[in-house]
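Commentary on secondary and tertiary structure
Residues per chain, in single letters:
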Amino acid sequence: MSFTELCQKARLRMIRMHFESKVGHLGGNLSCLDALLYLHHYILTSDDIFILSKGHAAGALYITLWSTGRISDDQLGQFHRDGSKLAGHPVSGWIPEIAVATGSLGHGFPMSTGIALGKRLQKKHGRVYCLMSDGEWQEGSNWEALIFAHHQGLDNLTVIIDLNGLQGFGSTEEIASMTNLIDRIRAFGVDVIEIDGHNEAQLASIGNNQDNGPQFILMNTVKGKGISFMENRMEWHYLPLSQEQFELANRELGAV
């Protein structure tokens, strides 16, 4: 199966999972799904740890783990339901691929720095990969973690930022003037690269590890990627799909 086919299959299953559970947050799930799929299918090793800091994109993580065979179709059917392990935000402790619980934005990156330092002190192999949202950079804890990561020279840490430009109540620029994020992060002395988060060839750069400190990757993405009425629309941070919208989304994604 090609990467394009994998992404199409994952998108279709994800919108069905959200529709059946009557759950929103599809916009931010669709913006980071390609990166999650590429990371888990082509980059992560058994020594690596992945942390989803933007916990509201749990649906994309569950679908990714389904695509690797780690979560069953029956489990997806329990998404967001009472007693389910597939909660609206990732819950740790029941599957190795979900290392920590995330949900309150701004916690994933600081935890990642501690885990990366712990790996180094224990002389353990593998990297820590942390996927963040751009809106999380309005949280002060992340700037403290950035100082710490640079100071400690955490060359076993890769931070991937989903730069879709939208958050719960508007654009990141409108809410907190979060323009030129790449320059702001680079000013702390770390290396940053910018890629298209929906381009397979550019996603491969996530695996280009370095040995001079933490690696930061800013992914330009589209919120609601692949569904015309969702793309770059802030309200799809929240809304669930109606029956009509679900059918239209399936047609646009090429369901057969």
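Throughout what follows, the structure given in this document is the object of discussion. (Residues numbered from 1 in each chain as written. Predicted model: local features only at pLDDT ≥ 70, side-chain atom pairs only at ≥ 80, totals over all residues. Heavy atoms only, no water.)

Side note on the pattern of salt bridges
What counts here: The salt bridge definition used is simple: a Lys or Arg side-chain nitrogen within 4 Å of an Asp or Glu carboxyl oxygen. Helix and strand assignments come from DSSP, with helices taken as H or I runs of at least 4 residues and strands as E runs of at least 2, each series counted from the N terminus. Any residue under 20% of the maximum accessible area for its type is buried, any over 50% is exposed, and the rest in between are partly exposed; the area is computed with a 1.4 Å probe on protein chains only.
For the structure on display, the rule yields six salt bridges. Measuring nitrogen to oxygen at the nearest pair gives 2.9 Å for the salt bridge that ties R13 to D73. A residue pair is termed long-range when its members are at least 10 positions apart, and R13 in helix α1 (residues 3–21) and D73 in helix α4 (residues 73–76) qualify at 60 residues. On the accessibility criterion, R13 (6% relative accessible area) is buried. Classification of D73 as partly exposed rests on a relative accessible area of 37%. In this structure, E235 and R233 form a salt bridge, with 2.5 Å as the shortest nitrogen-oxygen distance. Since its relative accessible area comes to 26%, E235 is described here as partly exposed.

Some thoughts on the pairing of strand β2 (residues 128–133)
Rules: Pairing between strands requires that DSSP locate at least two bridges from one strand to the other. With the strands aimed away from the viewer, a crossover counts as right-handed if its path from the first strand over the helix to the second runs clockwise.
Burial within β2 is extensive, with six of its six residues counted as buried. Residues V128, C130 and M132 line one face of β2 and the alternating positions Y129, L131 and S133 line the opposite face, and both faces are buried. Relative to β2, strand β1 (residues 49–52) runs parallel, the two sharing four bridges. Counterpart to L52 in the pairing with β2 is L131. Where β2 meets strand β3 (residues 157–163), six bridges bridge the pair, whose relative direction is parallel. Bridging across to β3, C130 finds its partner in V159. Between the parallel elements β2 and β3, the chain passes through helix α6 (residues 140–152) in a crossover that is right-handed.

Quick look at the packing of α1 against helix α2 (residues 26–43)
Inclusion rule: Axis angles are defined between N-to-C directions and span 0 to 180 degrees, where every axis is a line fitted to C-alpha atoms and, for a helix, only to the segment in contact. Angular relationships are summarised with four words: roughly parallel below 35 degrees, roughly antiparallel beyond 145, roughly perpendicular across 65 to 115, and oblique for the angles in between. A clockwise turn of the near helix away from the far one marks a right-handed crossing, whereas an anticlockwise turn of less than a right angle marks a left-handed crossing. Contacts were defined at the residue level, with two residues in contact if any of their heavy atoms lie within 4.5 Å. Classification used: nonpolar for Ala, Val, Leu, Ile, Met, Phe, Trp, Tyr, Cys and Pro, charged for Asp, Glu, Lys and Arg, polar for all others including Gly.
In the contact formed by α1 and α2, the axes pass within 10 Å of each other and the chain directions differ by 135°. Considering the angle they form, α1 stands oblique to α2. Seen from above, α1 lies across α2 with right-handed handedness. Note on element contacts: α2 touches α1 through L26, N29, L30, L33, D34, L37, Y38, H41 and Y42, opposite F3, L6, C7, A10, R11, M14, I15 and H18. Tallied by class, the residues present in the contact of α1 with α2 amount to 12 nonpolar, three polar and two charged.

A short note on the packing of aromatic side chains
Any aromatic ring pair is given by two values, namely how distant the centres are and how the planes are angled relative to each other. Where we set the bar: Pairs were defined over the aromatic rings of Phe, Tyr and Trp, the Trp ring being its six-membered one, requiring ring centres within 6.5 Å. Orientation was assigned from the angle between planes: stacked under 30 degrees, edge-to-face over 60, tilted for the rest. Working rule: Lys NZ or Arg CZ, within 6 Å of ring centre, within 35 degrees of ring normal, means a charge sits over the ring.
The final tally for this structure, using the stated rule, is nine aromatic pairs. Between the aromatic rings of F19 and F246, the centroid separation amounts to 4.2 Å while the plane-to-plane angle is 5°, which identifies the pairing as stacked. With a gap of 227 residues between them, F19 in helix α1 and F246 in helix α10 (residues 243–252) connect regions that are remote in the sequence. Here a set of aromatic residues connected by ring pairs shows up, and it is made of F109, W137, W143, F188 and F216. In this structure, R127 packs its charged tip against the face of Y129, placed 5.9 Å from the ring centre.

So, unusual backbone geometry
Despite not being glycine, H25 has its phi angle at roughly 70°, a positive value. Assignment of secondary structure puts H25 in the loop between α1 and α2.

Some remarks on the sheet that holds strand β6 (residues 191–196)
Pairing within the open sheet is parallel, and its five strands lie in the order β1-β2-β3-β7-β6. Since the sheet does not close on itself, it has two edges, and those belong to β1 and β6, each with one partner. Averaged over all pairs of adjacent strands, the angle between their axes in this sheet comes to 20°, without regard to strand direction. Across the face of the sheet, helix α5 (residues 108–121) comes into contact with β1, β2, β3 and β7 (215–220) while running at roughly 170° to β2.

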